[in-house]
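# A structural walkthrough
One-letter residues, chain by chain:
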Amino acid sequence: MNRAPASQAAHRIALLFNANKVYDREIIAGIGHYLRSTRVAWDLFLEEDFRCRLAGIERFDGDGIVADFDDPAVADALAGCPLPVVAVGSSFEDPAHYPATLPYIATDNRKLVSLAWTHLIGAGLPHLAMYSLPVALENRWAQERERAFAALAQAEGIQAPIYRGLATSAPSWNQAIEQLSAWLHALPQPVGVIAVTDARARHLLQACLMHGIAVPEQVAIIGIDNDPLMRALTRIPLSSVIQGTEEMGKTAAHLLHQMLGGARFPGRRILVPPVGINVLESTRHEPLSSPHVMRARHFIRQYACQGIKTEQVADYVGVSRSSLEEYFRRELHRTVHQEILRHKLDAAKAMLANRDAASAEVAIRCGFTSLQYMYAVFRRELNCTPREYQDSVAPTSANASPASPAAPAASQPPA
Amino acid sequence: MNRIAQLSSEPWGALPGGDACRLYTLRNAQGMKAQISDLGATLVSWHSPDRAGRLAEILLGHDTPAAYYAATTYMGGLIGRWANRIADGRFTLDGIDYTLDRNENGNLLHGGANGFHRAIWQAEDERGTLVLRLESPEGDAGFPGNLSVQVRYTLDDDGALTIEYEALSDAPTPVNLTSHGYFNLSGEAGSDIRGHILTIDADAYLEVDPQMIPLGAADVRGSAFDFRHGAPLGARLEWPNTQLARAGGFDHCYILRPAIQPGNAPAVRTVANVYEPASGRELTVETDQRGLQCYTGNHLEGQPGRHGVPCVRHAGLCLEAGGLPNEINMGTQECDEVVLRPGRAYHQLTQYKVGVRT
């Protein structure tokens, strides 16, 4: 193991953060936690007001730096820094956005959004939307969260709008809230809205309160940051995703600790997942439509092609088979089996249209027990054979799948 | 004292050799359902409610007895006679050298190729608890003594699944039993445990050599192994660390703090906690044992799972309570503790409790 040699004098470490935000403060607290747990003494340099000032940083006479790279100016200022530097900040879908030569500790935006998404689906919300921020260099993390949200919507095959709204400024505040409530009114309800920060979530709550929109009955809201200040400022307690900020601080401190002993981690990236979700009133949604049906369809969407049976769907949902059938009859006017079959049929149609595989393999990969059974289903539902169906649709060479034919059916999203 | 769960059973197919297996189901008032098979006394399935009360599977597993029999991942298995490794598949006890089944790189792993997890146990319903018994004959995997083993599974209304182990032998023999369940609290098939938050109440763990044989104890402080405060596994798996690189993740035994109560009997205490934020599910582990093997499913990628779907890497997390790996060869005073002698009884109590953190 790499262990830093005990040194006579404490290392001088600069922390370049804008610690007026809870996110940065918690990362710094994580660094402090690491230092206490290891009994490592660092002489920490922080500005009086905990704000990051870059002027003169190149003349810092110290041993190492931990810096928040969400501000591109910080990244630029440290580009040629000869000291060991550990960067922290947003995760990126595109690896080119990470600094190439430094270790980088990221908050995992994809997991933040997926945690909020899963929570809202679990709360029984049939529609989802995101409230983001206008594009700016300093909030690239907001665009990353949008990307994560759009990817989830696409994977689940649902329409989920994203609204960026206006940048926050005193003169445009009224206008911003008016436009925001107009957007909310136009959404199909009930809707669960993921705000990219708690600050944005507070705007949503404000707009809802001013325009008589019921939270969480019509609009359920979840933020990101779990900021105690925002909870203090809102009348309806705000649910929020808790980022792994303390672990980010510990991880950054651990890496810098090793770098002070001579180790180097150029280009190393560590993504830190969220550590929790604070569930409060703003997402305690009591849905009118059956959450069981939504949950069941969520499961069927994922596993229809693996030969699941009604019993397994009921088990997953946690209700009896007969109750689930009753919910399905009431909401969808079809049985669970018919719903499963519909997904299998759609998957088979897509696979035949793409000419991905021979009919026998399509039957297997789409969860039909035999080729004959798939024939029977095609004949009954579409009044044709799979081959006739394939001949009836034009080959879609444009979206020919690059996936290897050996890929398991599990990775094949239902069409 | 909580009301004890209802126990029912059903046939569960047969092994390739024709032996029929049964599946036993424990239920509690929350609607929880834990299933155990007489094949390997295996914890096959555990359905537990999430934050909104919906049940989902929280253990990795297979669909059929044949799949369990063919698998090499020990999913949910009751491991014996010796959990984890014995170096070079040999040990010396009371001056006699014994050679064991060397089923992994020349070492014994998890009781050898035909360990307890592949045996058919005798199952019995005892007032709502499931008792499984196995007679392991002298020479089983090379171990001395005829060993009688009993394992009792109890599910209570608080969501605690208690596993009580007992063993008796007619000759001195090392014994180290464990339960090898892979937890994934998300309830989402195909997911991994990187988003799980792990806490282990231990100050030290055993570093291992390239064959995963313990070298000695190391302080967790300041390392990726420090879970005294909860940390997300996804981040810790990426920390630079030669031990993590060696094992492809966590596959290390934590040395639990001693917890001796008056009368010198080891006390049961809480040793670990796992939290999965999306579902809200939380697992708490209590045990009277000295060791806790933490395995993050480093070799699960492509291994068979449920519904015929292969596992992803880190699909599940094992927290295996027991003695220490290779302890019989460690030459310490404690290695006496892993020797069961005639007239004495091996005893272990480990509890996995699943609930929801709101």
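Residues numbered from 1 in each chain as written. Chains lettered and ligands numbered in written order. Predicted model: local features only at pLDDT ≥ 70, side-chain atom pairs only at ≥ 80, totals over all residues. Heavy atoms only, no water.

We now examine the overall build of chain A. Helices and strands together make up the secondary structure of chain A, namely 15 helices and 12 strands. Oriented by its inertia axes, the alpha-carbon framework of chain A measures out at about 80 × 50 × 40 Å. Buried residues in chain A amount to 51% of all 415 residues. Here the analysis covers contacts within chain A between residues at least 6 apart in sequence; of these, 68% occur between residues at least 24 apart. Of the roughly 18,700 Å² that chain A leaves accessible, carbon and sulfur atoms contribute 53%. Considering chain A, the positive charge centre built from 40 side chains and the negative charge centre built from 41 side chains are found 5 Å apart. (Helix = DSSP H or I, 4+ residues; strand = E, 2+ residues; numbered from the N terminus. Buried < 20%, exposed > 50% of the residue type's maximum accessible area, 1.4 Å probe, protein only. Contact = heavy atoms within 4.5 Å. Areas by Shrake-Rupley, 256 points an atom, 1.4 Å probe, with all protein chains shown as cover. Lys, Arg positive; Asp, Glu negative; His and termini not counted. Charge placed at Lys NZ, Arg CZ, Asp CG, Glu CD.)

Moving on, we come to the confidence of the model for chain A. Residues and elements named next belong to chain A. Chain-level statistics for chain A give a pLDDT mean of 86 and a share of 91% at 70 or above. Under a pLDDT of 50 for its full length, residues 1–7 has, in the predicted model, 10 contacts with residues more than four places off or in other chains. The low-confidence segment residues 396–415 (pLDDT under 50) makes 16 contacts with residues lying over four places distant or belonging to another chain. (pLDDT = per-residue confidence, 0-100.)

Taken together, the contact pairs 38 residues of chain B with 41 residues of chain A. Summed over both sides, the interface of chain B with chain A buries roughly 3,300 Å², with 55% coming from carbon and sulfur. Of all residues in chain B, B:Arg54, B:Trp239 and B:Pro240 give up the largest surface area on contact with chain A, accounting jointly for 20% of the area buried on that side. For the pair chain B and chain A, the number of links is 2 salt bridges. In this structure, the salt-bridge partner of A:Asp315 is B:Lys33, at a minimum N-O distance of 3.5 Å. (Buried area = accessible area lost by both parts, 1.4 Å probe. Salt bridge = Lys/Arg side-chain N within 4 Å of Asp/Glu carboxyl O.)

On to the sheet that holds strand E6 (residues 127–131) of chain A. All names here are of chain A. Taken in spatial order, the 6 strands line up as E7-E6-E8-E9-E10-E12 in an open sheet, and their pairing is mixed. Across the chains shown, the open sheet's two edge strands, defined by having one partner strand only, are strand E7 (162–163) and strand E12 (276–278). Inspection of the sheet shows strand E10 (residues 239–242) paired to E12 by 3 bridges, in the antiparallel sense. Residue pairing across strands places Val241 opposite Ile277, the latter belonging to E12. Along the sheet, helix H5 (residues 173–186) makes contact with E6, E7, strand E8 (191–195) and strand E9 (219–224), crossing E6 at roughly 165°. Where helix H6 (residues 198–210) meets the sheet, it contacts E6, E8, E9 and E10, and its direction lies at approximately 160° from that of E9. (Pairing = 2+ DSSP bridges. Axes fitted to C-alpha atoms, helices over the stretch in contact; angles between N-to-C directions.)

So, about the side chain of B:Arg85. Residues and elements named next belong to chain B. Inspection of the secondary structure puts Arg85 in strand E7 (residues 85–86). Since its relative accessible area comes to 7%, Arg85 is described here as buried. Only 2.7 Å separates the side chain of Arg85 from the side chain of Glu104, close enough to count as a polar contact. In this view, Arg85 contacts Glu104, Leu108, Leu109, Gln211, Met212, Ile213, Asp251, Pro325 and Asn326; residues no more than four positions away in its chain are not counted. (Polar contact = N/O pair within 3.5 Å; in protein donor to acceptor, adjacent residues only side chain to side chain.)

Turning next to the pattern of salt bridges. Enumeration according to the criterion identifies 36 salt bridges over all chains in this entry. With a shortest N-O distance of 3.9 Å, A:Asp24 and A:Lys21 are connected by a salt bridge. Accessibility expressed as a relative area gives 44% for A:Lys21, which makes it partly exposed. In this structure, the salt-bridge partner of B:Asp219 is B:Arg221, at a minimum N-O distance of 3.8 Å. Owing to a relative accessible area of 37%, B:Asp219 belongs among the partly exposed residues under this scheme.

Let us look at the side chain of B:Asp209. All names here are of chain B. With respect to the element layout, Asp209 can be found in the loop between strand E18 (204–208) and strand E19 (214–219). The side chain of Asp209 sits in the buried core without any salt bridge; Arg246 is the nearest counter-charge, 6.3 Å away. In terms of polar contacts, Asp209 uses its side chain to reach the backbone amide nitrogen of Gln211, at 2.8 Å. Dropping the residues within four chain positions of it, Asp209 is found in contact with Leu215 and Arg246.

Scanning all chains against the criterion turns up 0 disulfides over all chains. Just so you know, B:Cys318 is unpaired, no disulfide at all, and the nearest cysteine sulfur is the one on B:Cys294, 8.8 Å from it. (Disulfide = S-S within 2.5 Å.)

What follows concerns the sheet that holds strand E5 (residues 104–107) of chain A. Residues and elements named next belong to chain A. Sheet architecture is open: 6 strands sit in the order E2-E1-E3-E4-E5-E11, paired in parallel fashion. Only two strands of the sheet have a single partner each, and these edge strands are strand E2 (42–45) and strand E11 (269–272). Taking each pair of neighbouring strands and ignoring which way they run, the sheet shows an average axis angle of 20°. Looking at chain direction, strand E4 (residues 85–90) and E5 are connected through 4 bridges and run parallel. Bridging from a neighbouring strand, Ala87 pairs with Tyr104 of E5. Against the sheet, helix H8 (residues 245–260) engages strand E1 (11–16), E2, strand E3 (64–68), E4, E5 and E11, with an angle of about 160° to E4.

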